Amino acid sequence: MPYHLTHLAEADSVQDVTDVVADQVVPAFGPQGLVLMSAYEGRLHVIGHRGYSTEFINRFDGTPLTSRTPTAHARATGDAVSFPDFADFRRTYPDAPRSASGNAWAFLPLTASGHSIGSPVLSYDQPRPFPPTEPALLASLAGLIAQALDRARLYDAQHTLAHTVQTGLLPPPCPTSPALTSPPATSRPATAWLLAATSTTSSTLPPPSQRRSATSKATTPPSS
């Protein structure tokens, strides 16, 4: 098995599968662009793409499964659809927008465990014929992507469920005690008492000149 397909088999999460497919698997088969779409809640949602601007991709994100588009057709029928050039694509889908870099396309179904789970779109910069042997190769590629994506979706669902259960079993946080977040109740009164005592002591002492005079008298020996 080629190394990029090994990486696909080892990918766990949906994001991991998307990255491996976009950066390693699909480029090895020749396309310059990719849009990977997953079906849920009655729509096709873009979960990864390469070679397209975000603005262009946003026009297709959330496409209804019943829409007349090549991705919805491939998902619904389970048949791959390819267009060797833009003229052929325009004849079948006259209202479909076109990316400036796209000149040939293949729309593949993703089927896992008997269920259609999405569709990848492969695009090529130059017009190209699709040889009779290529549909079988692309179908094998789509099958590997579908299996990895289906496994990753299950992994993500189990991970989310486990996190939810663990969070629900944790005890509620302890209430914060004011005694732990506030200074000791005696700190301010003690400080105030110390200042008051210092102030009182200072106020009862005689002026410095009188203290020096009293000290001199106390230390001078009596005359004989």
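Overview of the structure.

Rules and cut-offs
Residues numbered from 1 in each chain as written. Predicted model: local features only at pLDDT ≥ 70, side-chain atom pairs only at ≥ 80, totals over all residues. Heavy atoms only, no water. Helix = DSSP H or I, 4+ residues; strand = E, 2+ residues; numbered from the N terminus. Buried < 20%, exposed > 50% of the residue type's maximum accessible area, 1.4 Å probe, protein only. Contact = heavy atoms within 4.5 Å. Areas by Shrake-Rupley, 256 points an atom, 1.4 Å probe, with all protein chains shown as cover. Lys, Arg positive; Asp, Glu negative; His and termini not counted. Salt bridge = Lys/Arg side-chain N within 4 Å of Asp/Glu carboxyl O. Phe/Tyr/Trp six-rings, centres within 6.5 Å; stacked < 30°, edge-to-face > 60°. Lys NZ or Arg CZ within 6 Å of the ring centre and 35° of its normal. Core = buried A, V, L, I, M, F, W, Y, C linked by side-chain atoms within 4.5 Å. Pairing = 2+ DSSP bridges.

## Examining the overall build of the chain
Here is step 1: Looking only at helices and strands, the chain has nine helices and seven strands in total.
Here is step 2: Taking all 224 residues of the chain together, 31% fall into the buried category.
Here is step 3: Pairs at least 24 residues apart make up 52% of the contacts formed inside the chain by residues separated by at least 6 positions.
Here is step 4: For the chain, the exposed surface amounts to about 14000 Å²; the carbon and sulfur share of it is 59%.

## Describing the side chain of R75
Here is step 1: Within the fold, R75 resides in helix α4 (residues 70-77).
Here is step 2: For the buried residue R75, which engages in no salt bridge, the nearest side chain bearing the opposite charge is D150, 12 Å off.
Here is step 3: Residues within four places of R75 in sequence aside, it is in contact with A39, L44, L65, S116 and G118.

## As for the packing of aromatic side chains
Here is step 1: All told, the structure shown has eleven aromatic pairs when counted by the stated rule.
Here is step 2: Between Y52 and F56, the ring centres sit 5.6 Å apart and the planes meet at 10 degrees, which makes this aromatic pair stacked.
Here is step 3: Given a relative accessible area of 13%, F56 falls into the buried group.
Here is step 4: One aromatic cluster in this structure is built from F83, F86, F89, Y93, W105 and F107.
Here is step 5: Across the ring face of Y124, the terminal group of R128 is positioned such that the distance to the ring centre comes to 4.3 Å.

## Examining the nonpolar core
Here is step 1: With 28 residues, the main nonpolar core has L8, V17, V21, L110 and L122 as its most contacted residues.
Here is step 2: Going through the elements one at a time, α2 (14-28), β1 (33-40), β5 (104-107), β6 (110-112), β7 (115-124) and α6 (134-169) are the ones with two or more residues in this core.
Here is step 3: At eight residues, α6 tops the list of elements feeding residues into this core.
Here is step 4: Contact partners of V21, with chain neighbours within four places excluded, come to L8, V26, P27, L34 and I145.

## What about the pattern of salt bridges?
Here is step 1: Under the criterion given, the structure shown has four salt bridges.
Here is step 2: What emerges from the salt-bridge pattern is a single network uniting D19, D23 and R50.

## Notes on the side chain of T71
Here is step 1: Mapping T71 onto the fold places it in helix α4.
Here is step 2: With sequence-adjacent residues up to four places away left out, T71 is seen in contact with M37, L44, F107, S119 and V121.

## Details of the pairing of β1
Here is step 1: Extensive coverage of β1 is indicated by the burial of seven of its eight residues.
Here is step 2: Bridging between β1 and β7 involves six bridges; their strand directions are antiparallel. Across the sheet, L36 pairs through a bridge with P120, a residue of β7.
Here is step 3: Where β1 and strand β2 (residues 43-50) come together, seven bridges link them in antiparallel fashion. Residue V35 lies in a different strand from β2, and its bridge partner there is H49.
Here is step 4: In this structure, the hairpin formed by β1 and β2 is closed by a connection of two residues, where E41 is found at a positive phi of approximately 55 degrees.

Shape descriptors only; they carry no functional weight alone.
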